[in-house]
Amino acid sequence: MQIGEFAKRAGVSASTVRFYEERGLLLPPSRLKSGYREFGPADLERLIQVRRAQALGFSLGQIALFFSLPESKRRDKTAVVDAAKVKLKELDLHLAEVKAQRREIVAFLAKHRMGKD
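### Let's talk about helix α3 (residues 41–55)
Taking 1.5 Å of rise per residue, 15 residues should cover 21 Å, and α3 covers 21 Å from first to last C-alpha, within 8% of that figure. Among the residues trailing α3, G57 stands out with phi positive, at a value near 100°.

### Some words on the packing of aromatic side chains
On inspection of all chains with the given rule, the structure shows 3 aromatic pairs. Arranged with centres 5.3 Å apart and planes meeting at 55°, the rings of F66 and F67 form a pair that is tilted. What makes F66 partly exposed here is its relative accessible area of 22%. Judged by relative accessible area, F67 falls into the buried class, the value being 8%. The ring of F67 is capped by R46, whose NZ or CZ atom sits 4.0 Å from the centre of that ring. Sitting above the plane of the F58 ring, K87 keeps its charged end 6.0 Å from the centroid.

### Things to note about helix α1 (residues 3–10)
Those residues of α1 that fall on the buried side of the exposure criterion are I3, F6, A7 and A10. Along the axis of α1, the buried residues cluster in a sector spanning 95°; they form a single face. Residues of α1 that are exposed and angled more than 90 degrees away from the buried face: K8 and R9. Check the buried side of α1 and you find it contacts α2 (14–22), β2 (37–38) and α3. Of the residues one or two after α1, G11 is the one with positive phi, at around 80°.

Definitions and limits used
- Residues numbered from 1 in each chain as written.
- Predicted model: local features only at pLDDT ≥ 70, side-chain atom pairs only at ≥ 80, totals over all residues.
- Heavy atoms only, no water.
- Helix = DSSP H or I, 4+ residues; strand = E, 2+ residues; numbered from the N terminus.
- Expected span 1.5 Å × (residues − 1).
- Phe/Tyr/Trp six-rings, centres within 6.5 Å; stacked < 30°, edge-to-face > 60°.
- Buried < 20%, exposed > 50% of the residue type's maximum accessible area, 1.4 Å probe, protein only.
- Lys NZ or Arg CZ within 6 Å of the ring centre and 35° of its normal.
- Arc of directions from axis to C-beta.
- Contact = heavy atoms within 4.5 Å.

In short, the description is geometric, and any link to function would need to be established separately.
In structure tokens:
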């Protein structure tokens, strides 16, 4: 499939596909005689994996690092599990910070009530 159809199936724009390709998140696709990119099912699966990882909060750099690992390490999933554990710790820390900020705002509002809610 060409880039337009590929992007549509993945739910991204063609420029996003080109960007991911430039960043090494997608392997360089084969080219038609016309020079157009030709993507296959494996490319679509990889792009879907990139989007899932982004949705989980991983940076494009972290995702690229994962894809740079040898296939055997990726199948092992140890690197992914380790990265997920680090991401979970980061999220827990961020959540604690947000909760602390919320408590401060609630206390501020309670202290400075002007008789109206």
